[in-house]
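Coordinate inspection notes
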Amino acid sequence: QVQFVESGGGLVQPGGSLRLSCAASGFTLSTYAMSWYRQAPGKQREMVAAISSAGGSTNYADSVKGRFTISRDNAKNTVYLQMNSLKPEDTAVYYCNARWVDFGSWGQGTQVTVSS
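Notes on the structure in this doc start here. Along each chain, residues carry numbers from 1 onward, in the same order as the chain's sequence is written. Local features in a predicted model are, by the rule used here, given only for residues with pLDDT of at least 70; side-chain atom pairs are given and counted only at 80 or more, and totals for whole chains, interfaces and linings are based on all residues. Based on all heavy atoms of the structure, the side-chain values leave hydrogens and waters out of the count.

1. So, the sheet that holds strand β1 (residues 3–7)
Pairing within the open sheet is antiparallel, and its 4 strands lie in the order β1-β3-β8-β7. The sheet is open, and its two edges are formed by β1 and β7 (68–73), each paired on a single side. Pairs of neighbouring strands in the sheet enclose a mean axial angle of 15 degrees, with direction left out of account. Only when DSSP finds a minimum of two bridges between them are two strands counted as paired. Every helix listed is a DSSP run of H or I at least four residues long, and every strand listed is a run of E at least two residues long, numbered separately from the N terminus. By the bridge criterion, 6 bridges tie β7 to strand β8 (residues 78–83) in an arrangement that is antiparallel. Bridge pairing links Arg72 to Val79 in β8. Axis lines are fitted through C-alpha atoms, for helices just across the contact stretch, and the angle between N-to-C directions can take any value from 0 to 180 degrees.

So this is what it looks like as structure tokens:
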């Protein structure tokens, strides 16, 4: 079955960096555009970054543009999110999933907390 395992979150001070990883299984990753999403307490889940199936095209939410970078390694079935210049408002649980397809499955996410 389709599975996503996110990792790499943690507690970081404002201005710090983290690199998130998402290990995908149960489908051919290289076939699908992928996205990172986040959900903060009391808020709806939002997409923060997306990448095309081969990695040649990326898109970002305005709130993270210039600070976050999405990438992928299809040979390793893994999608990454490099997060720099983190702000307190980036605090959320981060998830990865396919961008345009609903697999009906979400991982447990990884918690990112930005606080001094």
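2. Overview of the pairing of strand β10 (residues 110–114)
In this scheme, a residue with accessible area under 20% of its type's maximum is buried, one over 50% is exposed, and one in between is partly exposed, where area comes from a 1.4 Å probe on protein chains only. In β10, alternate side chains face the same way, and those of Thr110, Val112 and Val114 are buried while those of Gln111 and Thr113 on the opposite face are not. Here strand β2 (residues 10–12) pairs with β10 via 3 bridges, running parallel. Residue pairing across strands places Val12 opposite Val114, the latter belonging to β10. Here 3 bridges tie strand β9 (residues 92–98) to β10, and the two strands are oriented antiparallel to one another. Looking at the pairing, Val93 lines up with Gln111 of β10.

3. A few points about the nonpolar core
The tendency in soluble globular proteins is for nonpolar side chains to be buried side by side. Nine residue types can take part in a nonpolar core, namely buried Ala, Val, Leu, Ile, Met, Phe, Trp, Tyr and Cys, and a core is a set of them joined through side-chain atoms within 4.5 Å. Core analysis: the largest hydrophobic core is formed by 29 residues, its most contacted members being Phe4, Met34, Trp36, Leu81, Met83 and Tyr94. When contributions to this core are tallied by element, the ones reaching two or more residues are β3 (18–25), β4 (34–39), β5 (46–51), β7, β8, β9 and β10.

4. With respect to the state of the cysteines
Any two cysteine sulfur atoms lying within 2.5 Å of each other are counted as a disulfide. Applying the stated rule across the entire model yields 1 disulfide. Note that Cys22 is cross-linked by a disulfide to Cys96, the S-S spacing being 1.6 Å. With Cys22 in strand β3 and Cys96 in strand β9, this pair connects stretches of sequence that are 74 residues apart. Classification of Cys96 as buried rests on a relative accessible area of 0%.

5. Considering the environment of Val64
Relative to the helices and strands, Val64 is located in the loop between β6 (58–60) and β7. By relative accessible area, Val64 is classed as buried at 0%. Sequence separation between Val64 and Lys87 is 23 residues, and the spatial gap between their C-alpha atoms is 9.8 Å. If sequence neighbours within four positions are ignored, Val64 has contacts with Arg38, Val48 and Asp90. A contact between two residues is defined here by any heavy atoms of the two lying within 4.5 Å.

6. Considerations on unusual backbone geometry
You will see that Asn77, though not glycine, has its phi angle at about 55 degrees, which is positive. For Asn77, a relative accessible area of 32% corresponds to the partly exposed category. With phi around 50 degrees, Ser85 is a residue other than glycine that occupies positive phi space. Judged by relative accessible area, Ser85 falls into the partly exposed class, the value being 41%.

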